[in-house]
Amino acid sequence: MIDFLLPSLGADMDVAKLNCWLVKPGDTVHKGQIIAEVETEKATLEVECWHDGVIEELLVEPGPDRLPVGTLLARIRSLDEAAEPVAPLEGEPAAGLVTAAAVPTHKVSGQPPPPVRHLAHELGVDLAALGGSGPDGAITRDDVRRAARAPAAEAPEPFVSRPTRVRATPRARSLARSRGIDLASLPATGPQGMVSAGDVARTAPSPETIDEPDDKVSAMRRAIARSMSHSKREIPHYYLATTIDLDRSMTWLEAANEERSVTQRILPAALLIKATALAAREVPEVNGHWVGDGFAPSQSVHLGVAISIREGGLVAPALHDADRLSLDELMSRLRDLVSRARSWRLKSSEMSDPTITVTNLGDRGVDTAFPVIIPPQVAMVGFGKVIDSPVAVDGAVVVHPVVTASLAADHRVTDGHNGGLFLASIDRLLQEPENL
Amino acid sequence: MNTQEARQVIFEVLGDIAPEVDPSIVDDDLDLTEQLDLDSMDYLNWMVGINEVTGIDIPQREVSRFLTIAGAVGYIVEHSS
Amino acid sequence: MTDIDTETRTITYREAMREAIRVALLDDDRVFLMGEDVGRYGGCYAVSKGLLEEFGPDRIRDTPLSEAAFVGAGIGAALGGMRPIVEVMTVNFSLLALDQIVNTAALYLHMSGGQFNIPLVIRMATGAGRQVAAQHSHSLEGWYGHIPGLKVVTPATVEDARWMLPTALADPDPVIIFEHAGLYNTEGTLPELGAPVDLETARIRRRGSDISLVTYGGSLPKAMAAAEELARDGISAEVLDLRSLRPIDTAALLSTVASTHRVVIIDEGWKTAGFSAEISARIAEEAIWELDAPISRICSEEVPIPYPRHLEEAALPQVNEIVAAARELIGG
């Protein structure tokens, strides 16, 4: 048996009056045939049925009552079925409904019509709590919409890029990267307060346009001067130093190098660098950048290695992920880095990525370094010359190779406590060289 | 490899590391650290370069011979086949 | 007016287009012009004035008031071996023929597996500025530029008005020519001897070094005026006339950005999802590292184009807006 329900014949149609039937029980009807006429507030409409069959029973009389959409109006027996007694109403999906949402049948009174219920469901409105303003207290769409109206949504916050990011034009970024210039140290005279290409160009002329090493060096010296001045001006440095017993490390290193050909030889510097990188993991406050107003720790340890350039000049390119390199890998990368640095073949990412830098002045015969932090980093580690020195071991005096490790750190980010912990970590790591 | 050839290799590799060096003014017997401002990394790269060109290995205990040109030349001549 | 000494003449955009149509009719029997009021009335913008008298009603055909019908007929004629020039009075009315243009003309070559070309030329007037109100003031060139299967050109100079048509007629596939109605009265000089021009490349109309003004069609005079004003302030503006919206001359676009590093795009269409967005995207995709300032767009305000003169002016791109945008990008 097919239920013939009052369909919704318009987007806002909720109720209609049944004006008249065009068929009677026993009539054969076919799909598309007009079988009733209804009247809404807007118009009089013809209603067609959607099935072939025979009218079994008309359940509603034409009259002035406003019937909600979905009202069961008649029953149609499909041609396959034999005539049978009327089955009781069950909540099955309506066959004759034209609304967008499939809705079950319902009783004529009590519940709001399906389109209203659907709207309430969509808008998250509890119908049970609602009063109706429609005829006979019926709940209308407008009632639902009114109930659903939330307090005015807060205006979304205007988009502001992270305040710690230096605002620079793409071209300025590109130029600064290729010249190893820190954007944060540049004036910003471009549009919308951005660092522009002109700001970069005025700060350091292009090394690409100059071929003579001499000019490269003087350009570099100017850049260093600017960077170092900026550093000393802006960064409140504090200094700590400690003497590290390298006996275990040097002994281990000698033995390790015995087994290695010259191409795989490990220099002491590699041990110091690896130990520093691992220590930076243990004390993350020394590994990262000062941007804008605060410290942005780095997820990776890209160790800058200060490399002197022949005939004057200094670069400190990054050994990426230094903490994760094996000692052999680190050594090989370090050699490559140094040779490229000294032949002016560094990559821009190596210039812009260091998260902390190490300077190793041991070869120059200096005992202790007092480094100047390279902005926007927040720490720099220095190692002096490895010298044989008397040390106390188990109550006796022995001569061991020692090195003085010093830390320059940004007092805005760390204090003596963290700095001390960091140096202590380096010390501890160098006592177990086999684990480096 | 004779002395002449060894010298050639040595200075060629050194040229990559210290390109501004004029071979004619280098004193064969003086410490290169002072003369040419070489650091430990330079030495290592130099020895690695020589090894790559000649195939001769330079174990740790022999490294001190490379503090002078004369020492380096001598080592290479001794160890070339 | 003919200047025999230098062998150029001064001619209006309207006259140039008329001459192009006339010469096409003379050269090729397959060419005919069809559209509303093109015959007896001489064309809504007087472009085809005098042509009916010269060529007769078979070749200058007044059509019924149904864009869908006569554009469809044009497609049929093209399929049948003719070379029709269909004039749709304005882009506003082309909406009634959108299905013909987008679903038939643009697609037959593809859907026939390459068997059927549709060598149709559609000419449409476009643009605002004459107080003809919201329904008659659209700039929808960008919509057509969106459709694969069409070529879309926007002649902005007298030379392009004269010489784009023959190339379009020779093209075996549909070409839409947009004529900004505000350009018809503009004058320019043409050499006596000219040649058909391509439909794919952009042209630098003014060389500059500080900022690029990228535009097409009816906004070109405004861009040139803005460049003049900027020059008085010592700012050297380069003006790029796109000339064709499909295909876009990306190489020329990237080249001007690489040269000046700042760009203002001027488009009489609306900004949202407009053609200026496509130009911006190409620059951002392929020349981001050349940009020394954000991309700036000067478009019509997001309103239906108003009828009162002062409101219409406020809604359309104006020279002072272009100048102000350029100044802001130069910064300092």
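Cut-offs and rules
- Residues numbered from 1 in each chain as written.
- Chains lettered and ligands numbered in written order.
- Predicted model: local features only at pLDDT ≥ 70, side-chain atom pairs only at ≥ 80, totals over all residues.
- Heavy atoms only, no water.
- Helix = DSSP H or I, 4+ residues; strand = E, 2+ residues; numbered from the N terminus.
- Buried < 20%, exposed > 50% of the residue type's maximum accessible area, 1.4 Å probe, protein only.
- Contact = heavy atoms within 4.5 Å.
- Areas by Shrake-Rupley, 256 points an atom, 1.4 Å probe, with all protein chains shown as cover.
- Salt bridge = Lys/Arg side-chain N within 4 Å of Asp/Glu carboxyl O.
- Axes fitted to C-alpha atoms, helices over the stretch in contact; angles between N-to-C directions.
- Parallel < 35°, antiparallel > 145°, perpendicular 65-115°, else oblique.
- Nonpolar A, V, L, I, M, F, W, Y, C, P; charged D, E, K, R; others polar.
- Buried area = accessible area lost by both parts, 1.4 Å probe.
- Polar contact = N/O pair within 3.5 Å; in protein donor to acceptor, adjacent residues only side chain to side chain.
- Core = buried A, V, L, I, M, F, W, Y, C linked by side-chain atoms within 4.5 Å.
- Pairing = 2+ DSSP bridges.
- pLDDT = per-residue confidence, 0-100.
- Left-handed = near helix turned anticlockwise from the far one by under 90°.
- Expected span 1.5 Å × (residues − 1).
- Arc of directions from axis to C-beta.

Caption draft 1: Up close: the overall build of chain C. Helices and strands together make up the secondary structure of chain C, namely 13 helices and 15 strands. For chain C, the residues scored as buried account for 53% of the 332 residues in total. Of the contacts formed within chain C by residues at least 6 apart in sequence, a portion of 80% connects residues at least 24 apart. Of the roughly 13,900 Å² of accessible surface on chain C, a fraction of 54% belongs to carbon and sulfur atoms.

Caption draft 2: Structural view of the pattern of salt bridges. Residue and element names in this part refer to chain C. In the structure shown here, the tally under the stated rule is 36 salt bridges over all chains. In this structure, Arg9 engages Glu19 in a salt bridge whose closest nitrogen and oxygen atoms are separated by 2.8 Å. Linking Arg9 in strand E2 (residues 8-12) with Glu19 in helix H1 (residues 13-27), this pair joins segments that are 10 residues apart in sequence. Residues Arg205 and Asp241 are paired through a salt bridge, measuring 3.0 Å at the closest nitrogen-oxygen approach. Taken together, the residues span a long stretch of sequence, with Arg205 in strand E10 (residues 203-206) and Asp241 in strand E12 (residues 237-241) at a distance of 36 residues. Residue class for Arg205 comes out partly exposed when judged on its relative accessible area of 22%. Look at the salt bridges and you will find they share partners, linking Asp160, Asp198, Arg203, Arg205, Asp241 and Arg243 into a network.

Caption draft 3: Spotlight on the packing of helix H1 (residues 114-123) of chain A against helix H2 (residues 141-148) of chain A. All names here are of chain A. Where H1 contacts H2, the axes come no closer than 9 Å and their chain directions differ by 10°. The angle between the axes of H1 and H2 places the two elements in the roughly parallel class. Across the interface between the two elements, Pro115, Val116, Leu119, Ala120 and Leu123 from H1 touch Arg141, Val144, Arg145 and Ala148 from H2. In terms of residue class, the contact of H1 with H2 is built from seven nonpolar, no polar and two charged.

Caption draft 4: Just the interface of chain A and chain B, in detail. Contacts between chain A and chain B engage 17 residues on the former and 22 residues on the latter. Both sides of the chain A and chain B interface together cover about 1,800 Å² of buried area, and 51% of this is carbon and sulfur. Considering only the side of chain A, the residues that lose the most area to chain B are Val262, Arg265 and Arg310 of chain A, jointly responsible for 36% of the buried surface there. A salt bridge links Arg61 of chain B to Glu258 of chain A, with the nearest nitrogen and oxygen atoms 3.7 Å apart. Linking chain A with chain B are four residue pairs in polar contact (both at pLDDT 80 or more), by the criterion used here. Those elements that provide at least two residues to the side of chain A that touches chain B are helix H6 (247-258) and helix H8 (327-342) of chain A. In terms of residue count, H8 of chain A provides more of the side of chain A that touches chain B than any other element does, six residues in total. Considering only residue class, the side of chain A that touches chain B consists of five nonpolar, four polar and eight charged.

Caption draft 5: A look at the nonpolar core. Of all hydrophobic cores here, the largest spans 79 residues; its most connected members are Phe422, Ile426 and Leu430 of chain A together with Trp46 of chain B. In terms of residues, this core owes the most to one element, helix H7 (residues 268-282) of chain A, which gives nine residues. Setting aside chain neighbours within four positions, we find Leu430 of chain A in contact with Ile244, Leu246, Ser249, Leu271, Leu272, Ala275 and Leu436 of chain A. With 56 residues, the next largest nonpolar core counts Ala20, Val47, Val175 and Leu190 of chain C among its residues.

Caption draft 6: Layout of the sheet that holds strand E5 (residues 83-90) of chain C. Residues and elements named next belong to chain C. Taken in spatial order, the seven strands of this open sheet run E4-E3-E5-E6-E8-E7-E13, and their pairing is mixed. The open sheet terminates on both sides in strands that have one partner only, identified here as strand E4 (60-62) and strand E13 (244-246). The sheet shows a mean angle of 20° between the axes of neighbouring strands, taken without regard to direction. Pairing analysis gives five bridges linking strand E3 (residues 31-35) to E5, with the strands arranged parallel. Counted as the bridge partner of Met34 is Val86 from E5.

Caption draft 7: Geometry of the environment of Pro371 of chain A. Residues and elements named next belong to chain A. Within the element layout of this structure, Pro371 appears in the loop between strand E16 (356-360) and strand E17 (379-383). In this structure Pro371 comes out as buried when scored by relative accessible area, which is 6%. Remark: the alpha-carbon pair of Pro371 and Ser406, spanning 35 residues in sequence, is separated by 8.1 Å. Residues within four places of Pro371 in sequence aside, it is in contact with His237, Tyr239, Thr359, Met380, Val381, Gly382, Ser406 and Ala408.

Caption draft 8: Layout of the confidence of the model for chain C. Residues and elements named next belong to chain C. Looking at chain C as a whole, its pLDDT mean stands at 95, while 98% of the residues score no less than 70. The model gives residues 1-5 a pLDDT under 50, and that stretch makes six contacts with residues more than four places away or in other chains. The complex prediction reports pTM at 0.50, with the ipTM value standing at 0.82.

Caption draft 9: Just the packing of helix H1 (residues 3-17) of chain B against helix H3 (residues 40-54) of chain B, in detail. All names here are of chain B. Direction vectors running N to C along H1 and H3 enclose 135°, while the axes themselves pass 9 Å from each other. Taken together, the axes of H1 and H3 lie oblique to each other. Our pair here, H1 against H3, has a crossing hand that is right-handed. For the pair formed by H1 and H3, the contact residues are Val9, Ile10, Val13, Leu14 and Ile17 on the first element and Asp42, Asn45, Trp46, Gly49, Ile50, Val53 and Thr54 on the second. Class assignment of the residues belonging to the contact of H1 with H3 gives a composition of eight nonpolar, three polar and one charged.

Caption draft 10: Expanded view of the pairing of strand E11 (residues 211-215) of chain C. All names here are of chain C. Counting buried positions over the five residues of E11 gives five, a clear majority of the element. Neither face of E11 is open: one carries Ile211, Leu213 and Thr215, the other Ser212 and Val214, and all of them are buried. For E11 and E12, the ladder comprises five bridges, and the chain directions are parallel. Bridge pairing links Ile211 to Ala237 in E12.

Caption draft 11: Quick peek at helix H13 (residues 319-330) of chain C. Residue and element names in this part refer to chain C. Taking 1.5 Å as the rise per residue, H13 with 12 residues should run 16 Å; its terminal C-alpha atoms sit 17 Å apart, in good agreement. Of the positions making up H13, those classed as buried are Ile322, Val323, Ala325, Ala326 and Leu329. Projected onto a plane normal to the axis of H13, the buried residues spread over an arc of 165° and lie on a single side. The positive-phi residue at the C-terminal boundary of H13 is Gly331, with phi of around 65°.

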